[in-house]
Amino acid sequence: MIDWDLIWRDYVGISGSAVLGVVASTIVLYGFFSLLMQVIGPRLMARPSAGSFVVLAVVGGITARATLGESPTMLGAIVVLSTLVVLEYVTGRFRRVPLLLRRTRPVVVMVDGEPVAAGLRRSRLTRGMLLDRLRVSGVLALDEVELVILEVRGTLTIVRRGSRIDRDLVAQVDGGDRIPERLLSELGSA
């Protein structure tokens, strides 16, 4: 005979107080993980490695286990996923408001083939990590690079010698004042 009470209690159901605990732990861990990614995310994404994958996998596993509580159930998982979707929607709405929850902006990390020390420091990158990413991006000589911007998600925008970038595209970039005027063009002109 099937013990429906056991199935409900151990695999499917969740109590009202457990829902509150799952929602609260999901909110706290989402906030902590978001803050952690603000600090180390650009570095992890700028030079993905097996080590960075392991770090993210372990953090994800620990976070998942902690949000589900003592006895993970199907409804508990649905509560966690629903809470995460709502949190992502809410923080996405706030990101549209300038400077609110926007702690990270793209950063100028190289000008005229020379690394910008302040940009590298702010991004927590080393010169070696930057050079590695440039090689991966097909840069064969530093003198062909006019400007490099490390984007929020860890990708590089590379402006090569002879190219220009629209002034509006770099208006919100940290270190934008370091960009030589000769590299900037006005909207619609090249």
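Note that the coordinates shown come from a computational prediction; the quantities given were computed from them, not determined experimentally.

Description of the overall build of the chain
Phase 1 of the analysis: What the chain contains, in helices and strands, is six helices and six strands.
Phase 2 of the analysis: By residue count, 30% of the 190 residues in the chain fall in the buried class.
Phase 3 of the analysis: Of the contacts formed within the chain by residues at least 6 apart in sequence, a portion of 54% connects residues at least 24 apart.
Phase 4 of the analysis: Carbon and sulfur atoms make up 64% of the accessible area of the chain, which totals about 12,000 Å².

Quick word on the nonpolar core
Phase 1 of the analysis: Judged by nonpolar contacts, the single largest core of 14 residues is most densely connected at V109, M110, L130, L134, V148 and L156.
Phase 2 of the analysis: Looking at this core, the elements that each hand over two or more residues are β1 (107-111), α6 (127-136) and β3 (145-150).
Phase 3 of the analysis: Looking at this core element by element, the count peaks at four residues for α6.
Phase 4 of the analysis: Non-local contacts of M110, meaning those with residues more than four positions away in its chain, are made with P115, V116, L130, L131, L134, L142, V145, E146, L147 and V148.

A look at unusual backbone geometry
Phase 1 of the analysis: One non-glycine residue, D112, lies in the positive phi region at around 55°.
Phase 2 of the analysis: Tracing the chain through its elements places D112 in the loop between β1 and β2 (114-115).
Phase 3 of the analysis: For D112, a relative accessible area of 36% corresponds to the partly exposed category.

Points about the side chain of S123
Phase 1 of the analysis: Turning to its location among the elements, S123 is positioned in helix α5 (residues 117-123).
Phase 2 of the analysis: Given the relative accessible area of 6%, S123 is considered buried.
Phase 3 of the analysis: A polar side-chain atom of S123 sits 2.9 Å from the main-chain carbonyl oxygen of G119.

Examining the environment of I158
Phase 1 of the analysis: Relative to the helices and strands, I158 resides in strand β4 (residues 156-160).
Phase 2 of the analysis: Apart from the residues within four sequence positions on either side, I158 is in contact with L134, S137, V139, V145, L147 and V148.

With respect to the pattern of salt bridges
Phase 1 of the analysis: Applying the stated rule across the entire model yields eight salt bridges.
Phase 2 of the analysis: Residue R122 pairs with D174 through a salt bridge whose shortest N-O separation is 2.6 Å. Taken together, the residues R122 in helix α5 and D174 in the loop between β5 (165-166) and β6 (184-185) connect sequence positions 52 residues apart.
Phase 3 of the analysis: R122 sits in the partly exposed class, given a relative accessible area of 34%.
Phase 4 of the analysis: D174 gets classed as buried once you look at its relative accessible area, which sits at 14%.
Phase 5 of the analysis: For the salt bridge of E144 with R160, the shortest nitrogen-to-oxygen distance reads 2.5 Å.

Re the pairing of β4
Phase 1 of the analysis: In this structure, β3 lies alongside β4, joined through five bridges in antiparallel fashion. Within β4, the residue paired with V148 across the bridge is I158.
Phase 2 of the analysis: Following β3, the chain reverses through five residues before pairing antiparallel with β4; G154 in that reversal takes a positive phi of roughly 95°.

Some details on the sheet that holds β1
Phase 1 of the analysis: Pairing in this open sheet of four strands is antiparallel, and the strands run β2-β1-β3-β4 from one edge to the other. Either end of the sheet is taken by a strand with one partner, and the two such strands are β2 and β4.
Phase 2 of the analysis: Summarising the sheet, β1 and β3 pair through four bridges and their orientation is antiparallel. Paired with V111 across the strands is L147, a residue of β3.

Here we look at the confidence of the model for the chain
Phase 1 of the analysis: The predicted model of the chain has a mean per-residue pLDDT of 83, with 89% of residues at 70 or higher.
Phase 2 of the analysis: Confidence over residues 98-103 falls short of pLDDT 50; this stretch has eight contacts with residues more than four positions distant or in other chains.

A few points about a nonpolar patch on the surface
Phase 1 of the analysis: There is a patch of nonpolar side chains on the surface, built from F53, V54, V58 and I62 and spanning about 410 Å² of accessible area.
Phase 2 of the analysis: Turning to its location among the elements, I62 is positioned in helix α3 (residues 50-68).
Phase 3 of the analysis: For I62, a relative accessible area of 55% translates into the label exposed.

What counts, and where the lines are drawn
- Residues numbered from 1 in each chain as written.
- Predicted model: local features only at pLDDT ≥ 70, side-chain atom pairs only at ≥ 80, totals over all residues.
- Heavy atoms only, no water.
- Helix = DSSP H or I, 4+ residues; strand = E, 2+ residues; numbered from the N terminus.
- Buried < 20%, exposed > 50% of the residue type's maximum accessible area, 1.4 Å probe, protein only.
- Contact = heavy atoms within 4.5 Å.
- Areas by Shrake-Rupley, 256 points an atom, 1.4 Å probe, with all protein chains shown as cover.
- Core = buried A, V, L, I, M, F, W, Y, C linked by side-chain atoms within 4.5 Å.
- Polar contact = N/O pair within 3.5 Å; in protein donor to acceptor, adjacent residues only side chain to side chain.
- Salt bridge = Lys/Arg side-chain N within 4 Å of Asp/Glu carboxyl O.
- Pairing = 2+ DSSP bridges.
- pLDDT = per-residue confidence, 0-100.
- Patch = residues over 30% accessible without salt bridge, like charges linked within 9 Å, V, L, I, M, F, W, Y side chains within 5 Å.

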